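The residues making up each chain are set out below.
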Amino acid sequence: MATRNAAISQVPLTEVRQTTITSTRRGGGGWYDPLAQTIMCDQDGGMFITSVDIFFSHKAASLPVWVEVRSVINGYPSQEILPFSVKSLQPTDVTVNSTDGTTATKFTFDSPVYLRENMEYALVVASDSPDYKIWISRLGEVDIGGTRAISTQPTLGSLFKSQNATT
């Protein structure tokens, strides 16, 4: 067995860091009223999503619309936006079907977005324009085709419509 005595020395170090924080705010200061739909990731090991289809009935003339995926805290959409999950489209890229909602507008993310297993997320749609309108269904109303009543609540999550730009 061989041993050696260690030589311990202390050397003072100085470190300089330069940090630049860039923030992007939408809607003249970040105030906009999104529409959100919660979803649950029930796939073993989680899953990657690459796009979201939204069915529009109306659109704006010049302002874009965007989709975000957010985490959900205590059943409510949070302010935390998942990495790579924001996709914006110009009005020319939005398909509108004002009579029957049969054609979707696809928002394809620039990179796949990972959703963790047994976690709840919110798909958020927002714009600086009030002219965008999306097809939704409501319990007790007749479906868009006029053939059947919506009689049961699907277990797909909850729909949130913000009216104060913060909740």
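These numbers were taken from a predicted model, which means no experiment stands behind them. (Residues numbered from 1 in each chain as written. Predicted model: local features only at pLDDT ≥ 70, side-chain atom pairs only at ≥ 80, totals over all residues. Heavy atoms only, no water.)

**Details of the packing of aromatic side chains**
Working step 1: Tallied over the entire structure, the rule returns four aromatic pairs.
Working step 2: Judged by centre distance (5.1 Å) and plane angle (55°), the ring pair of F48 and Y114 falls under tilted. Of this pair, F48 sits in strand β2 (residues 47-54) while Y114 is found in strand β7 (residues 105-115), placing the two residues 66 residues apart along the sequence.
Working step 3: When the centroid spacing of 5.8 Å and the interplanar angle of 65° are considered together, the rings of F56 and Y132 count as edge-to-face. Residue F56 is found in strand β3 (residues 56-58), and its partner Y132 is found in the loop between β8 (120-127) and β9 (133-134); the two are separated by 76 residues along the sequence.
Working step 4: Residue F56 is classed as buried on the basis of its relative accessible area of 0%.
Working step 5: A relative accessible area of 12% means that Y132 is categorised as buried. (Phe/Tyr/Trp six-rings, centres within 6.5 Å; stacked < 30°, edge-to-face > 60°. Helix = DSSP H or I, 4+ residues; strand = E, 2+ residues; numbered from the N terminus. Buried < 20%, exposed > 50% of the residue type's maximum accessible area, 1.4 Å probe, protein only.)

**A look at the environment of I150**
Working step 1: Among the structural elements, I150 can be located in the loop between β9 and β10 (159-161).
Working step 2: Through-space distance from the C-alpha of I150 to that of L139 is 5.3 Å; in sequence the pair is 11 residues apart.
Working step 3: Discounting chain neighbours no more than four positions away, the residues touching I150 are S137, R138, L139, G140, E141 and D143. (Contact = heavy atoms within 4.5 Å.)

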